[in-house]
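Tertiary structure, described
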Amino acid sequence: MIPDYQTLMRPVLTAAMNGPRRISDVVSDLADEFGLTEEERQELLPSGKQTKITNRVHWARSYLKQAGLVQNPKRGWYELSEAGRNVARDETVILNTEYLKRFDAFNDFMDRSKTTKDDDTVLSEAETDSISTPDESIQTAHQRLNEALASNLLDLVRNASPAFFERLIVDLLLAMGYGGSWEEAGRALGQTGDNGIDGVIDQDPLGIDQIYIQAKRYGPGNTVGAGDIRDFFGALNIKKATKGIFVTTSTFSAGAKQTVKDLGSRIVLIDGQQLARLMIRYNIGCRDKDIIYIKQVDESFFEEDLN
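The structure displayed is predicted, hence computed values, not measured ones.

Turning our eyes to something else, we now look at the overall build of the protein chain. For the protein chain, the helix and strand inventory stands at 13 helices and 10 strands. Counting every position in the protein chain, which comprises 307 residues, the buried fraction comes to 39%. In the protein chain, 62% of the contacts between residues at least 6 apart in sequence involve partners at least 24 apart. Entry remark: accessible area of the protein chain is about 18300 Å², with carbon and sulfur atoms responsible for 48%.

Over the atoms, a rolling probe the size of a water molecule traces out where space has been left empty. By volume, the second largest pocket amounts to about 200 Å³. Lining the second largest pocket are 14 residues, and of these L173, Y178, G244, I245 and V268 sit closest to its centre. Where the lining of the second largest pocket is concerned, the elements lending two or more residues are β8 (244–248), β10 (267–270) and α13 (272–281). Here the residues of the lining of the second largest pocket sort into 8 nonpolar, 4 polar and 2 charged.

Our focus in this paragraph is the pairing of strand β5 (residues 199–202). Residues G199 and I201 of β5 are buried on one face, and the alternating residues V200 and D202, pointing to the opposite face, are buried as well. Pairing analysis gives 4 bridges linking β5 to strand β6 (residues 210–216), with the strands arranged antiparallel. Pairing of G199 across the sheet is with I213, part of β6.

Turning to unusual backbone geometry, a few remarks are in order. A positive phi is found at K240, a non-glycine position, where the angle reads about 55 degrees. Within the element layout of this structure, K240 appears in the loop between α11 (226–239) and β8. By relative accessible area, K240 is classed as exposed at 75%. Phi at N283 is positive, roughly 55 degrees, even though this residue is not glycine. By the secondary structure assignment, N283 is in the segment after α13.

We now examine the sheet that holds strand β3 (residues 77–80). Pairing between sheet strands relies on hydrogen bonds along the backbone, with the strands arranged either parallel or antiparallel. Reading across the sheet, the 3 strands line up as β1-β3-β2 and stay open at both edges, with antiparallel pairing between neighbours. With one partner strand each, in any of the chains shown, β1 (21–22) and β2 (70–71) form the two edges of the open sheet.

When we look at burial in helix α5 (residues 82–89), the residues that qualify are G84, V87 and A88. One face of α5 carries all of its buried residues, which in axial projection span an arc of 100 degrees. Exposed residues pointing more than 90 degrees away from the buried face of α5 are listed as E82 and R89. Lining the buried residues of α5 we find α1 (9–14), β3 and α6 (97–100).

Put simply, α11 and helix α12 (residues 254–263) touch, their axes get as near as 7 Å, and they point 35 degrees apart. Taking contact as the criterion, the partners of A226, I229, R230 and F233 in α11 are, on α12, G255, A256, T259, V260 and L263.

This part is about the environment of L36. By secondary structure assignment, the location of L36 is in the loop between α2 (23–33) and α3 (38–42). Sequence separation between L36 and I53 is 17 residues; the distance between their C-alpha atoms is 9.3 Å. For L36, the contacting residues outside a window of four places in its chain are M1, I2, P3, A31, R41 and I53.

Our focus in this paragraph is the packing of aromatic side chains. Going through the model one piece at a time under the given rule, you end up with 8 aromatic pairs. With a centroid separation of 5.9 Å and 65 degrees between ring planes, the pair formed by Y99 and F103 is classed as edge-to-face. Judged by its relative accessible area of 14%, Y99 is buried. Looking at F103, the relative accessible area reads 19%, which means it is buried. Positioned above the aromatic ring of W77, the side-chain terminus of K74 is 4.6 Å from the ring centre.

The element β8 is extensively covered by neighbouring structure, given that 5 of its 5 residues are classed as buried. In the sheet, β6 pairs with β8 via 5 bridges, with the strands oriented parallel. Counted as the bridge partner of A215 is V247 from β8. Pairing between β8 and β10: 4 bridges, direction parallel.

With that settled, the discussion passes to helix α9 (residues 134–159). Helical geometry note: an α-helix holds 3.6 residues per turn, so side chains three or four residues apart project in the same direction. Compared with an ideal rise of 1.5 Å per residue, which puts 26 residues at 38 Å, α9 spans 38 Å between its outermost C-alpha atoms and is within 8% of the ideal. When α9 is considered as a whole, its buried residues turn out to be D135, E136, Q139, A150, L153, L154, V157 and R158. Residues of α9 that are buried make contact with α4 (52–66), α10 (162–175) and α13.

Residues shown with low pLDDT carry predicted positions that ought not to be read at fine detail. Per-residue confidence for the protein chain gives a mean pLDDT of 84, with 84% of residues at or over 70. Predicted confidence in the protein chain is weakest over helix α8 (residues 125–128), with a mean pLDDT of 46, and strongest over α1, with 97. Counted against residues more than four places away or in other chains, residues 115–128, with its pLDDT under 50, gives 19 contacts.

Rules and cut-offs
Residues numbered from 1 in each chain as written. Predicted model: local features only at pLDDT ≥ 70, side-chain atom pairs only at ≥ 80, totals over all residues. Heavy atoms only, no water. Helix = DSSP H or I, 4+ residues; strand = E, 2+ residues; numbered from the N terminus. Buried < 20%, exposed > 50% of the residue type's maximum accessible area, 1.4 Å probe, protein only. Contact = heavy atoms within 4.5 Å. Areas by Shrake-Rupley, 256 points an atom, 1.4 Å probe, with all protein chains shown as cover. 1 Å grid on protein atoms, 1.4 Å probe; cavity = no way out; pocket = protein on both sides within 12 Å on 5 of 7 lines; lining within 4 Å. Points joined across faces, edges and corners; volume = space filled by probe spheres on them. Nonpolar A, V, L, I, M, F, W, Y, C, P; charged D, E, K, R; others polar. Pairing = 2+ DSSP bridges. Arc of directions from axis to C-beta. Axes fitted to C-alpha atoms, helices over the stretch in contact; angles between N-to-C directions. Phe/Tyr/Trp six-rings, centres within 6.5 Å; stacked < 30°, edge-to-face > 60°. Lys NZ or Arg CZ within 6 Å of the ring centre and 35° of its normal. Expected span 1.5 Å × (residues − 1). pLDDT = per-residue confidence, 0-100.

Below, the structure is given as C-alpha cells:
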C-alpha cells in the first residue's frame, strides 16, 4: 500500500540525516523501504503525469520545508536545517501536519494558503489533516465532477430522439478529426438510413473513403448483442465498406465483442461510458465552465552560475 504524505514525512526527513539528498533517489529508496510492488510504484495520479509515490514524497518534503525543517541547496535536492536535525533525532515525535503547527513558519504558510470566500477556504485545517495531497484532492474532485457530468450527459442522450442521437454521433466524430476540414463531411441518414446505416463520414472531399456509423440509443438495462453486430457487418458488406463505428448509450455483450474479433478489426465499438468521456473531451453537449491553472516552481529559473 502506498503510504500517505504525512506518513512519509519522518522517512523523508531522516533520509537526509547524513547530508543533502536528491529527491528522486529518496522516492526510490522509500518505495523499497515500504515494500511497494511494481504496480504501486507505477500507479499514477488521475492526471496521468506523475506517480502517486513521487507526488506524496514531494509534498511531504514541501510541508517540511514550509515548517523550516528542510531547505533546498540546489535544484532537485534537499537537506536538513538545524531544527530538522533536532526533530529527526527525537524518535518520540509523531511527525504530521498537526505537529508542524508548532512552527511559526508553517502557520504563516497556512495563513497565506487560506483564501476566504463565503467562509470557505481553499486550504482548511481539515484538508491539511487529510491523507491526500492537494494534487490528489484537486484531481479526485475533478474526476468526480466528470463522472457526474458523464452520467447527466448519458441520461440526456437516452431521452433525446433517435435523429438527434445520430446527428450527435456525426458531430462527435467530426470534432475528433474524422472527415478532415471540409464542410458537409459528415451526415446522419435518419429515417432514410440504408440497410442499418445511421450515418456516414466522408474521409475525403469526393467521399471515396467513408466511415459508416450505427447508433443504438438503448437504456442502461439493454445490451447490444452479437446479432446487432452481424447485421451491421452485413450492411458494411453491402456498401463494400472497410470501416464501421458502432455506438450505443448502453453496453456491448461479451458475444458482441467476440463477434467483432471474429470478423476482424473493421468495426470499432463505443459504449455509453466511452461515448460520455469523448463528449466531455471534445465539448459535445457540454462546455468549459471554469479554467484553473495549477502552477509549480520553476527551480531552473533560480539557478545561478557562481563560476
